Amino acid sequence: MGAEFVAALPMYDFPWTADAQDALWRALAGRLRQAGIAAPPALTRARPLEDLWRDPRLLFGQTCGYPYVTSLAEHVTLIATPSYDFEGCEGAYHCSLIIARRTDARGALHEFRGARAALNGQTSNSGMNLFRAAIAPFARRAPFFASVEVTRSHAASLSAVAAGRADIAAIDCVSFGLLRRARPDLTDAVAVFARSALSPGLPYIASASLSPGIVAEVRAALAETLSDPALAATRAALGLTGAIALRRADYEAIGAFEREAAELGYPELA
């Protein structure tokens, strides 16, 4: 069987989705072990993402599109991009839902000049890159917001807006859909008043050090797992509807959003 690999699904691993994530992995890992691949019995959690994504033993993981384009493309292999059944998702593509407090009278992006923004992280495609691209046409080559708070998660950004510590944020539509199920106290306190452009979703990846044969086995096992009737409830808990094989070239759209914002004189969300 060889040395054991590493697997992780850190991007949508909320407390209320953890059991479904584990069940999905157990089913996938079982198929891989049947194919003679030393798939780990459990998902790895609580490791720094950059360390995890660059681990040469990474058999199955998931990353955000922005770090994939800006720093990871040479280190990982695309397996497939999952599709989700949430508002704002279209096949393997997703968008950011731009939110404000439900009581906020402003209803258009240009009206939020001088507002307080929240974002989950500077390397987030949905929370920063797509948000920046949406604001850039209105920024007029100058800072747009009075302040930008880095919250470290989409849930925390929602909380900041809901509590009045921030006025506006861009939330990944999959995260928003999952949060709506378990944290209506947050999602009911805000309103979606705009959407970003569509972007390739968060891809499943493996280390680029893996052989093409192993990657092919992972893709085949994933396809079987995502079509297994016995796992319908597990997939529904995660909002998963399948996975689509996107190419590295498809993800160039993410870099294009960054370049277009820079050309408009708005290289940083500010």
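Here the structure is a predicted model, which is why all the values come from computation and not from measurement.

Undergrad: Could you clarify how one ought to interpret the pairing of strand E3 (residues 76-84) in this entry?
TA: Along a regular strand, successive side chains alternate from one face of the sheet to the other. Burial of E3 is extensive: 8 of the 9 residues sit out of reach of the surface. Where E3 and strand E11 (residues 204-207) come together, 4 bridges link them in antiparallel fashion. For alanine 80, the partnering residue across the bridge sits in E11 and is tyrosine 204. Here 4 bridges tie E3 to strand E12 (residues 240-244), and the two strands are oriented antiparallel to one another. Note on E12: the bridge partner recorded for serine 83 is glycine 242.

Undergrad: Could you clarify how one ought to interpret unusual backbone geometry in this entry?
TA: Trans is the common state for peptide bonds, and a negative phi is the common state for residues other than glycine. Phi is positive for arginine 140, close to 55°, though the residue is something other than glycine. Examined against the element boundaries, arginine 140 turns out to sit in the loop between helix H4 (125-139) and strand E7 (147-150). Backbone geometry places arginine 141, a non-glycine residue, at a positive phi of 60°. Here arginine 141 shows up in the loop between H4 and E7.

Undergrad: Looking at this model, I keep getting lost on the sheet that holds strand E9 (residues 190-195). Mind explaining?
TA: Each strand in a sheet pairs with its neighbour through backbone hydrogen bonds, running either in the same direction (parallel) or in the opposite one (antiparallel). Strand order in the open sheet made by the 5 strands is E7-E6-E8-E5-E9, with mixed pairing throughout. At either margin of the open sheet sits one strand with a lone partner, and together these are E7 and E9. Along the sheet, successive strands turn relative to each other by an average axial angle of 30°, direction set aside. Bridging between strand E6 (residues 116-119) and strand E8 (residues 168-172) involves 2 bridges; their strand directions are parallel. Paired with alanine 118 across the two strands is alanine 169, which belongs to E8. Against the sheet, helix H5 (residues 154-163) touches strand E5 (96-101), E6, E7, E8 and E9, its axis set at about 150° to E8. Running at roughly 90° to E8, helix H6 (residues 173-182) makes contact with E5, E8 and E9 of the sheet.

Undergrad: Quick question: what am I supposed to make of the sheet that holds E11 here?
TA: The strand order E1-E2-E11-E3-E12 describes an open sheet built from 5 strands, whose pairing is mixed. Every interior strand has two partners, whereas the edge strands, strand E1 (6-7) and E12, have only one. Contacting strand E2 (58-62), E3, E11 and E12, helix H8 (residues 212-227) runs over the sheet at an angle of about 10° to E3.

Undergrad: For this particular structure, what's the right way to read the environment of alanine 166?
TA: Within the fold, alanine 166 resides in the loop between H5 and E8. Looking at alanine 166, the relative accessible area reads 1%, which means it is buried. Distance from alanine 166 to arginine 116, taken between C-alpha atoms, is 4.9 Å for residues 50 residues apart in sequence. Aside from chain neighbours lying at most four places away, what touches alanine 166 is Arg101, Arg116, Ala117, Ala118, Ala160 and Val161.

Rules behind the numbers
- Residues numbered from 1 in each chain as written.
- Predicted model: local features only at pLDDT ≥ 70, side-chain atom pairs only at ≥ 80, totals over all residues.
- Heavy atoms only, no water.
- Buried < 20%, exposed > 50% of the residue type's maximum accessible area, 1.4 Å probe, protein only.
- Helix = DSSP H or I, 4+ residues; strand = E, 2+ residues; numbered from the N terminus.
- Pairing = 2+ DSSP bridges.
- Axes fitted to C-alpha atoms, helices over the stretch in contact; angles between N-to-C directions.
- Contact = heavy atoms within 4.5 Å.

This is a description of form; function is not addressed.
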